[in-house]
Amino acid sequence: MNKWMEKFQFYKDKLDTWQSTNWAKSIRISSSVIWNLCLLFIVVGLALGIFAASVAAGYFASLVKEEPLRDKEEMRAAVFNYEETSEIYFAENVYLGKLRTDLERTETKLSAVSPYVLDAVLATEDEYFEVHDGIVPKAIFRGLLQDVSNSDTQTGGSTLTQQLIKNQILTNEVSYERKAKEILLAMRLEKFMTKEEILEAYLNIIPYGRNANGRNIAGIETAANGIFNVKAIDLSLPQAAYIAGIPQAPFAYTPFRQGGVLKEAKALQPGIDRMKTVLFRMKETGYITEEEYNSAIKYDITKDFRQPEILPEEKYPWLTIEIENRVKDILRGQLAEKDGIDPERLKVESKLYEKYDIIAQRAVSTGGYRIHTTIDREMYETMLKVRDEFETYGHTHTKEVKDPNTGEMIMQDYPVQVGSMLIENGTGRILSFLGGRDYNVEKYNHATQAVRSMGSTIKPLLVYAPAIEYGVIGAGSPVVDVKLEDLSSTTWTKSPSNYTTEQEKGIISAREALTTSQNLSTIRLYDLIMDRKPTDFLYKMGFEHINENEYANHALSIGGMDNGASVEENTNAYGTFANNGQFIDAYMIEKIEDVEGNIIYQHEIEPVEVFSPETAYIMTDILRDVLTEGTAKLANSRLKFQSDFAAKTGTTQNHNDSWLIGYNPNVSLGVWLGYDDNSISLFHLNNRYNHPSVRVNTLWSNMMNAMYDVNPELVDAPNAFQAPEGVVTRSFCGISGLATSEACEQAGLVKSDLFNSKAMLPTASDDSLISASFVVIDGNKYRALDSTPDEFVVKGGYGVNEAFIKRMLGKFGGNASKLFHTKSTFAGNVVSEDLFEADGSAPASVTATLSGQTLTWTKAASSDVVGYRIYQVVNGERIQVASKLEAENYSYTINGPGQYVIVSVDITGLLSVPSNTVSIEEQKPDPVIPEEGNEEETSPGNGDGEGEGDGETTPPEEEAPPEDEDTNP
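Residues numbered from 1 in each chain as written. Predicted model: local features only at pLDDT ≥ 70, side-chain atom pairs only at ≥ 80, totals over all residues. Heavy atoms only, no water.

**Regarding empty space enclosed by the protein**
- Tallying each qualifying case throughout the model produces 1 cavity of 30 Å³ or more.
- There is about 40 Å³ of room inside the largest cavity.
- Forming the boundary of the largest cavity are Phe 577, Asn 580, Pro 613, Ala 616, Tyr 617, Thr 620, Phe 721 and Gln 722.
- Ranked by the residues each element gives to the lining of the largest cavity, the list is headed by helix α23 (residues 613-628), at 4 residues.
- The class makeup of the residues in the lining of the largest cavity is 5 nonpolar, 3 polar and no charged. (1 Å grid on protein atoms, 1.4 Å probe; cavity = no way out; pocket = protein on both sides within 12 Å on 5 of 7 lines; lining within 4 Å. Points joined across faces, edges and corners; volume = space filled by probe spheres on them. Helix = DSSP H or I, 4+ residues; strand = E, 2+ residues; numbered from the N terminus. Nonpolar A, V, L, I, M, F, W, Y, C, P; charged D, E, K, R; others polar.)

**Section: the side chain of Ser 509**
- Looking at where Ser 509 falls in the secondary structure, it is placed in strand β12 (residues 506-509).
- Once residues within four sequence positions are removed from consideration, Ser 509 is found in contact with Gly 476, Ser 477, Pro 478 and Val 479. (Contact = heavy atoms within 4.5 Å.)

**Some thoughts on the environment of Leu 203**
- Secondary-structure assignment places Leu 203 in helix α8 (residues 195-205).
- Setting aside residues no more than four positions away along its own chain, Leu 203 makes contact with Leu 110, Val 113, Val 117, Leu 118, Val 121, Tyr 208, Gly 219 and Ile 220.

**Overview of the sheet that holds strand β5 (residues 216-218)**
- Strand order in the open sheet made by the 3 strands is β3-β5-β4, with mixed pairing throughout. Bordering the open sheet on either side are β3 (104-105) and β4 (207-210), each of which pairs with just one other strand.
- As paired elements, β3 and β5 share 2 bridges and run parallel to each other. The residue bridging Arg 105 from the neighbouring strand is Ala 218, located in β5. (Pairing = 2+ DSSP bridges.)

**Side note on the sheet that holds strand β6 (residues 370-373)**
- Reading across from one edge, β2-β1-β6-β14-β15 is the order of the 5 strands in this open sheet, with mixed pairing throughout. Two strands lie at the open edges of the sheet, namely β2 (95-98) and β15 (599-602), each paired on one side alone. Each strand axis lies, on average, 15° off the axis of its neighbour in the sheet, ignoring direction.
- By the bridge criterion, 3 bridges tie strand β14 (residues 589-593) to β15 in an arrangement that is antiparallel. Bridge pairing in β15 places Lys 591 opposite Gln 602. (Axes fitted to C-alpha atoms, helices over the stretch in contact; angles between N-to-C directions.)

**Some thoughts on the state of the cysteines**
- Counted under the stated rule, the structure contains 1 disulfide.
- Paired through a disulfide, Cys 733 and Cys 744 show a sulfur-sulfur distance of 2.4 Å. Because the torsion about its S-S bond is 105°, the bridge between Cys 733 and Cys 744 counts as right-handed. With Cys 733 in strand β20 (residues 727-733) and Cys 744 in helix α28 (residues 742-746), the pair connects residues that are 11 residues apart, well separated along the chain.
- Cys 733 sits in the buried class, given a relative accessible area of 0%.
- Note on Cys 744: relative accessible area 0%, which makes it buried. (Disulfide = S-S within 2.5 Å. Buried < 20%, exposed > 50% of the residue type's maximum accessible area, 1.4 Å probe, protein only.)

**Points about the pattern of salt bridges**
- Scanning the model with the defined rule gives 39 salt bridges in all.
- Two residues, Glu 344 and Lys 347, come together in a salt bridge whose shortest N-O distance is 3.2 Å.
- Beyond isolated ion pairs, a larger network of salt bridges with shared partners links Arg 511, Asp 621, Arg 624, Asp 625, Asp 644 and Asp 753. (Salt bridge = Lys/Arg side-chain N within 4 Å of Asp/Glu carboxyl O.)

**Re the pairing of strand β19 (residues 667-674)**
- Burial of β19 is extensive: 8 of the 8 residues sit out of reach of the surface.
- Neither face of β19 is left uncovered, since the one carrying Val 667, Leu 669, Val 671 and Leu 673 and the one carrying Ser 668, Gly 670, Trp 672 and Gly 674 both have all their residues buried.
- When strand β9 (residues 417-424) meets β19, the two strands line up antiparallel, connected through 8 bridges. Counterpart to Val 418 in the pairing with β19 is Leu 673.

**Things to note about helix α20 (residues 519-529)**
- In terms of burial, α20 is a largely internal element, 10 of the 11 residues being buried.
- Packed against the buried residues of α20 are α18 (458-470), β11 (478-481), β12, α19 (510-515) and α29 (802-809).

**Some remarks on the packing of α18 against helix α22 (residues 567-578)**
- Orientation of α18 relative to α22, taken along the N-to-C sense of each, is 30°, at an axis distance of 11 Å. By the angle class used here, α18 and α22 are roughly parallel. Contact residues: α18 offers Pro 460, Leu 461 and Ala 465, while α22 offers Asn 570, Ala 573, Tyr 574 and Phe 577.
- Residues belonging to the contact of α18 with α22 are distributed by class as follows: 6 nonpolar, 1 polar and no charged. (Parallel < 35°, antiparallel > 145°, perpendicular 65-115°, else oblique.)

**Examining the pairing of strand β22 (residues 769-777)**
- Note: β22 against strand β24 (residues 794-800), 5 bridges, orientation antiparallel. The residue of β24 that forms the bridge with Ala 772 is Gly 797.
- Bridge analysis of β22 against strand β23 (residues 780-783) gives 4 bridges, and the strand direction is antiparallel. Each residue of the ladder has a partner; that of Phe 774, found in β23, is Arg 783.
- Joining the antiparallel neighbours β22 and β23 is a turn of 2 residues, in which Asp 778 adopts a positive phi near 55°.

Written out as structure tokens, the structure reads:
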């Protein structure tokens with residue numbers, strides 16, 4: 001220590017000596033000045049720094065002064081509230097695709113992401129993620145300096161937390177205010193979320209350009225699938241590096257253009273270069289080894305790019321849009337109810353409807369729902385195939401229209417359209433449907449949206465089933481198919497008609513009337529029940545387009561409607577008969593799950609009692625006949641399997657629509673054909689395409705056979721429809737519907753059929769028949785007059801009394817003689833009470849012709865002719881040889897030669913002048929030629945030389961020559 005002290009003293013003395021020199025004194029003074037100046041600059045610098053910092057702090061405070069103080073729950077909710085694409089599924093959880101959206105995204109968990117992705121993101125986007133508190137100051141200052149200096153190099157300074165704030169809470173606005181708020185909120189968010197939560201949220205929200213279908217995408221799972229067709233957990237190192245590099249410039253680095261077109265090699269290169277940059281940073285930061293880097297850098301990433309796929313809305317346009325609309329309907333009501341608004345108000349308040357429609361549309365597109373439907377994929381695709389293979393829809397019309405895009409006149413096709421739907425009766429599940437022929441030609445859904453007149457398919461639903469339910473008729477009860485005379489209670493100016501305009505079937509059974517789809521009898525039956533407002537049955541079955549007062553229009557009973565019904569409504573309604581009278585509303589959305597897997601909607605079946613089981617079964621039994629002997633017979637004959645089917649066809653005026661709806665215990669299938677312009681008739685070029693009813697029969701059977709091929713257990717119901725206890729078979733008098741009487745039995749008019757015993761049974765005895773004789777004029781029966789020649793009168797017939805006629809014809813009236821015309825079901829010997837009013841003049845004569853021994857004549861022009869007499873003219877006098885009823889054919893076989901005339905006879909017994917005379921000559925034998933040396937006489941006409949004939953015959957007025965007497969002619 002003494003030695004160290006001595007050395008210290010030595011150097012101190014030397015320093016004192018040095019400081020005492022003049023030059024040392026000068027240095028000391030200069031350094032003092034410099035030091036003081038440095039202190040001055042430091043003080044000024046500190047003051048300026050404090051001032052600048054204060055100004056900066058004040059400026060920063062001014063930038064964020066409008067930013068509210070957000071609490072933990074609010075910030076976390078905002079961060080995790082990212083849009084996600086909704087997915088749709090066929091029945092049985094078969095994936096269909098994603099719904100239309102502006103941005104496609106699928107949420108994923110951090111554990112489901114490849115470690116390569118996490119390393120690539122951290123190495124590239126946020127090297128200090130694990131240690132910073134939301135921001136990296138030096139990165140912020142670097143970015144600020146680059147911005148102030150307008151540097152060409154912009155490295156950015158945002159951490160993952162800042163990017164999360166920018167995308168989820170703030171905007172992409174380029175401003176100091178937004179940046180200041182971003183910094184503040186990033187530091188705050190770090191206190192509310194873990195690093196793992198921040199990283200997971202970032203990977204779910206960051207945009208990645210476009211996928212192979214050309215859609216905008218966000219989120220690592222969506223990017224992995226959309227670019228490489230793999231899950232995020234399965235991404236390789238090169239793939240992870242490529243995707244991690246995209247967010248810096250999403251549309252520059254993404255490999256796909258709009259529309260899903262893969263970029264050319266030159267345009268792909270920036271993305272590949274960016275991938276190499278990411279790999280380099282991963283190597284430099286120690287996430288990968290030199291060997292891994294060298295291997296990945298050489299990898300040809302282009303061979304991994306996904307091939308474009310057909311989007312669901314392109315492959316199944318009608319289906320995806322229909323699903324979207326139905327989900328929107330469900331969510332619209334739920335969202336309104338959540339806000340305390342009665343969903344029923346949306347039906348009547350347009351502004352309120354529009355508001356929640358927009359909200360629901362946004363929810364469908366971005367809510368990330370998992371939508372499960374009832375549509376069977378194989379059935380749906382098979383139905384599309386049947387549609388495309390069917391060749392006889394009909395003629396495609398063309399029309400010149402203005403192109404809305406160019407304004408030029410172009411030719412537009414107007415093909416026959418089709419709508420079809422298959423529904424499972426017991427559940428209401430819509431298994432499949434057809435929206436139309438070609439979505440690019442017409443986007444309108446002809447199965448669910450198009451509303452068309454139902455034609456005759458309305459008859460069972462509105463007329464016959466209600467009439468049975470009300471107890472007005474049974475299956476075989478008589479109805480009157482005679483033209484209406486009194487139209488005062490209708491809107492018609494002339495009497496409606498059956499499909500065959502001049503046809504009047506008279507009294508027929510309700511079963512026959514519906515089986516053959518008669519209009520006249522349907523109108524008369526509807527009039528009997530119209531005041532009970534049978535349209536209420538239609539409302540119960542889900543028909544939404546029947547106006548409240550439309551029930552009072554008689555034309556509604558045969559399909560004359562203000563609007564109409566969709567294929568879905570019509571097909572669904574026929575399922576009511578299959579379900580024992582219960583209506584089960586058809587549906588397509590089975591359930592909806594949110595992003596967390598919670599079920600927010602589950603369809604529930606709510607049967608509605610419409611008809612009694614008895615009525616439903618009786619209607620089914622009648623409609624069975626439509627397939628076996630009625631208007632759907634062709635469809636039935638083409639089915640490849642046997643099942644208990646019932647059906648009804650329908651044709652609207654001028655064949656503008658053609659329907660066929662058929663069902664068995666399991667399923668109902670409806671098919672409609674028509675043009676979008678409902679003024680165009682299908683009845684065109686029938687020689688090429690067949691009659692419209694033939695087309696719809698053929699297409700229906702094609703559809704049903706195809707559905708059977710897909711799922712025979714479902715489509716071919718193993719059991720037939722079973723009659724309820726209340727369905728009974730009873731005998732009755734066929735012409736009146738009353739209980740049988742002795743006269744009815746003797747007349748052969750007793751019928752038997754099904755009745756709903758809970759609604760009606762034939763109990764009152766029939767009293768409509770009386771003994772009668774009648775004549776037939778022009779196919780109709782009339783009471784014979786006292787002066788009517790007996791030969792033209794049918795004896796022992798049965799007439800009906802006047803009270804019966806008035807009851808049957810009702811307020812509409814009609815020609816009573818048509819009640820029992822010759823082709824009537826009840827023709828037999830029954831005649832109405834009507835007396836024919838003859839004109840009082842002799843009937844017109846006829847023209848006779850002769851061919852061989854057959855005499856024929858023309859029909860007399862007079863309307864009161866009851867028959868014809870055939871006379872032979874002998875020596876100027878007419879001798880009657882026969883008579884023929886007017887209802888028989890106009891011919892007679894003559895037995896011998898002579899002259900003949902025909903005379904027509906009217907109901908009063910007056911005769912016409914004779915017709916022209918026709919003659920038949922007596923045949924003469926050929927002359928006999930003698931042979932030399934033959935003395936033997938033989939019988940002419942035998943020819944066998946045995947003499948066993950009837951003897952020789954000589955033609956009148958001529959004798960055989962003597963030389964022929966012994967000759968065999």
